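One letter stands for each residue in the lines below.
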Amino acid sequence: MSTTRGALIVLEGVDRSGKTTQCKNLVEWLSKSGKKAKYINFPDRSTDCGSLIDKFLTNNQEFNDETIHLLFSLNRWESKSKMEKLLKEGITLVVDRYSYSGVAYSAAKGLSYDWCKNPEVGLLKPDLVLYLTLTCEAMLSRKGFGNERYENKEFQKKVRECFEKLYDSSYWQNVDANRSEMDLTQVLAKYADETILSMSNKPLKLLW
Ligand code: FDM
């Protein structure tokens, strides 16, 4: 008996756009409506590679731009088989950041888009990217940035521009995050539901 597959749904957006809260709300909403769904996030700081990334983000270790880029990519590669298995078991994955953060944050530091995309080629391609948009003013009015690397407004503006260059209307959906938490979850859930239904019998695709 063949099982219909789960959908690969990625949430992206600049810092403070509410991605993590929304990913968790979405998993809860999907589970309550009888669908199998799981939260996954990148970087996954629980692996050896993830612990190096954590040291870098918390300013306890330095890497040059290329090296940290490849570590972020490796961190996705080490999850690929597990993700594929879960999707084939019919579990929808709601992923907090993915290759798009990888490219946008490194390109914002000046690396070329093509170079940044290359190590991502062959990873699972999301069925849907929900890109949470916020105006600069709304981003700056939200609770302050923390102490991790990249958490400053000038850099975040550059990251936003880089994300916008990655936009692909064939599987991206921009969603205005400047609304109440529950309203936003409802909007995302509608897109997620449509994708789960339409992708259930389609083969998984690969980036890029
Ligand atoms: N980040 C995240 C990257 O620079 N590249 C990547 O591939 C990924 C997945 O790491 F500043 C950056 C983005 C953010 C930080 O923060 C991770 P959170 O708070 O754990 O999402």
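Residues numbered from 1 in each chain as written. Predicted model: local features only at pLDDT ≥ 70, side-chain atom pairs only at ≥ 80, totals over all residues.

As named in an unreviewed UniProt entry, the protein chain is Thymidylate kinase, taken from Pseudolycoriella hygida. Under the heading Pathway (unreviewed entry), UniProt records this for the protein chain: "Pyrimidine metabolism; dTTP biosynthesis." (UniProt positions renumbered as here; feature names shortened; annotations may be inferred.)

Draft legend 1. Main features of the nonpolar core. Counting 42 residues, the largest nonpolar core has Leu 8, Ile 9, Leu 26, Val 94, Val 95, Ala 104 and Leu 130 as its most contacted members. The set of elements that each furnish at least two residues to this core consists of strand E1 (8-13), helix H1 (19-32), helix H4 (80-88), strand E3 (92-96), helix H5 (99-107), strand E5 (128-133), helix H8 (153-166) and helix H9 (181-199). Those residues within four positions of Val 95 in sequence are excluded, and the remaining contacts are Leu 8, Ile 9, Val 10, Leu 11, Ile 40 and Phe 42. (Core = buried A, V, L, I, M, F, W, Y, C linked by C-beta atoms within 7 Å. Buried ≥ 20, exposed ≤ 12 C-beta atoms within 10 Å, placed from the backbone. Helix = DSSP H or I, 4+ residues; strand = E, 2+ residues; numbered from the N terminus. Contact = placed C-beta atoms within 7 Å.)

Draft legend 2. Highlighting the site of the ligand. Neighbouring the ligand are the residues Phe 42, Pro 43, Leu 57, Phe 72, Arg 97, Ser 101, Gly 102, Tyr 105 and Tyr 150. The dominant element in the shell around the ligand, judged by the number of residues it contributes, is H5, at three residues. (Near = placed C-beta within 6 Å.)

Draft legend 3. Up close: the packing of helix H2 (residues 48-57) against helix H3 (residues 65-77). Orientation of H2 relative to H3, taken along the N-to-C sense of each, is 140°, at an axis distance of 9 Å. As summarised for this structure, H2 and H3 are arranged oblique, according to the angle between their axes. The handedness of the crossing between H2 and H3 comes out as left-handed. Facing Cys 49, Gly 50, Leu 52, Ile 53 and Phe 56 of H2, the residues of H3 in contact are Ile 68, Leu 71, Phe 72, Leu 74 and Asn 75. (Axes fitted to C-alpha atoms, helices over the stretch in contact; angles between N-to-C directions. Parallel < 35°, antiparallel > 145°, perpendicular 65-115°, else oblique. Left-handed = near helix turned anticlockwise from the far one by under 90°.)

Draft legend 4. Seen up close, the pairing of E1. Extensive coverage of E1 is indicated by the burial of six of its six residues. Burial along E1 is two-sided: Leu 8, Val 10 and Glu 12 facing one way and Ile 9, Leu 11 and Gly 13 facing the other are all buried. Both E1 and E3 contribute to a ladder of four bridges, which runs parallel. Each bridged residue has a counterpart across the sheet, and for Val 10 the counterpart in E3 is Val 95. Of the pairings in the sheet, the one linking E1 to E5 comprises five bridges and is parallel in character. The residue of E5 that forms the bridge with Leu 11 is Leu 130. (Pairing = 2+ DSSP bridges.)

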